[in-house]
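Architecture at a glance
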Amino acid sequence: MRHSRAKGEPRFPDGPKADPAGSHFERRIRSFQPRRSRVTAGQADALQRLWSRWGLDIDGHHVDLAELFGNDRPVVLEIGFGMGEATAQMAAADPGTNILAVDVHTPGQGNLLNLADHNGLTNVRVANGDAIILLREMLTADALDGLRAYFPDPWPKKRHHKRRLIQPEFLDLAATRLRPGAIVHCATDWEPYAEQMLEVLTAHPRFENTRADGGFAPRPGFRPLTRFEGQGLDKGHVVNDLLFRRVPHGDR
């Protein structure tokens, strides 16, 4: 029989919190919308079993990445991972790099934990909540060796463009948490957003394009071709990758 939760009872008592940042709530435009869609039995089981070990609620409190992962290997922050298949593939292909994957989609969180468990991936941690709070309040300067934002919400309507993740203010913050030489890697199949990303990243003094021609990069071999992306390509969508390097302090 399906358990009926009482009012106020957490959905996953040992899993991610519904509103981890609670007291840190702020009135600002957000680039995401929390989604609490259907969770399968396998995803729910992974959330219950693994969250205490491999999960992180973004609550505004400082996090020690070496303690979180149990080692001092390089850490890449991935913002928005969907169902986590590509994240799991990248973690398996590069076990020497830790991936801190952030999303607010509960089924995706459970699915990625499940994939990590089944494939023995100890270099993945799943963070629940607002990546801005994580960057601004929980990480120290130069804590990250890379940042990935693959197929973020393009917010196609003009009145919603201010909700797009890749904006000058976001890059200002990200630059303080990325060590010099770290790579920001974005990908999108929405061409107007790709053009905006290129313009904003090119104009930012803390980042430089890894492409000598100043344009988009071909998809690097380490970024898997996802099912979602493949469907878009079949429909004639153009996917653009951007690879920008965090320049050393004092340069540019």
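Before reading further, recall that the structure is shown in the block above.
In this report, the structure presented in the accompanying data block is examined. All figures in this text were calculated on a predicted structure; none of them were measured in a lab. (Residues numbered from 1 in each chain as written. Predicted model: local features only at pLDDT ≥ 70, side-chain atom pairs only at ≥ 80, totals over all residues. Heavy atoms only, no water.)

Here we take up the packing of helix 5 (residues 131-138) against helix 6 (residues 168-177). Close contact between helix 5 and helix 6 brings their axes to 9 Å; oriented N to C, the two are set at 45 degrees. What the angle tells us is that helix 5 and helix 6 run oblique. The interaxial crossing formed by helix 5 with helix 6 has left-handed handedness. Residue-level contacts link Ile-132, Leu-135 and Arg-136 of helix 5 to Phe-170, Leu-173 and Arg-177 of helix 6. Of the residues in the contact of helix 5 with helix 6, the class split is four nonpolar, no polar and two charged. (Axes fitted to C-alpha atoms, helices over the stretch in contact; angles between N-to-C directions. Helix = DSSP H or I, 4+ residues; strand = E, 2+ residues; numbered from the N terminus. Parallel < 35°, antiparallel > 145°, perpendicular 65-115°, else oblique. Left-handed = near helix turned anticlockwise from the far one by under 90°. Contact = heavy atoms within 4.5 Å. Nonpolar A, V, L, I, M, F, W, Y, C, P; charged D, E, K, R; others polar.)

By secondary structure assignment, the location of Asn-123 is in the loop between helix 4 (106-118) and strand 4 (124-128). Given a relative accessible area of 3%, Asn-123 falls into the buried group. Looking at Asn-123, its side chain comes within polar contact range of the main-chain oxygen of Asp-94, at 3.3 Å. (Buried < 20%, exposed > 50% of the residue type's maximum accessible area, 1.4 Å probe, protein only. Polar contact = N/O pair within 3.5 Å; in protein donor to acceptor, adjacent residues only side chain to side chain.)

Here we come to the nonpolar core. One finds Leu-65, Leu-77, Leu-100, Leu-134 and Phe-170 to be the most contacted residues of the largest nonpolar core, which totals 43 residues. For Leu-65, the contacting residues outside a window of four places in its chain are Asn-71, Val-75, Leu-100, Leu-139, Ala-143 and Leu-144. Core analysis: the second largest hydrophobic core is formed by 22 residues, Phe-81, Ala-88, Ala-91 and Ala-187 among them. (Core = buried A, V, L, I, M, F, W, Y, C linked by side-chain atoms within 4.5 Å.)

Turning next to the sheet that holds strand 5 (residues 144-150). If you walk across this open sheet you meet the eight strands as 1-4-3-2-5-6-8-7, and the pairing is mixed. A single partner strand is all that each edge strand has here, and the edge strands are strand 1 (55-57) and strand 7 (207-209). Across the sheet, the mean angle separating the axes of adjacent strands is 25 degrees when strand polarity is ignored. Here strand 3 (residues 98-103) runs beside strand 4; their pairing, made up of five bridges, is parallel. (Pairing = 2+ DSSP bridges.)

This next bit is on the pattern of salt bridges. Tallying each qualifying case throughout the model produces eight salt bridges. The partner of Arg-49 in a salt bridge is Asp-45, and the shortest N-O contact between them spans 2.7 Å. Taken together, the residues Arg-49 and Asp-45, both in helix 1 (residues 41-54) and four residues apart, mark about one turn of the helix. Overall, Arg-49 belongs to the partly exposed group, its relative accessible area being 37%. Judged by relative accessible area, which is 37%, Asp-45 ranks as partly exposed. The shortest N-O distance in the salt bridge between Asp-117 and Arg-49 comes to 3.0 Å. Here Asp-117, found in helix 4, pairs with Arg-49, found in helix 1; they are 68 residues apart in sequence, far enough to count as distant. (Salt bridge = Lys/Arg side-chain N within 4 Å of Asp/Glu carboxyl O.)

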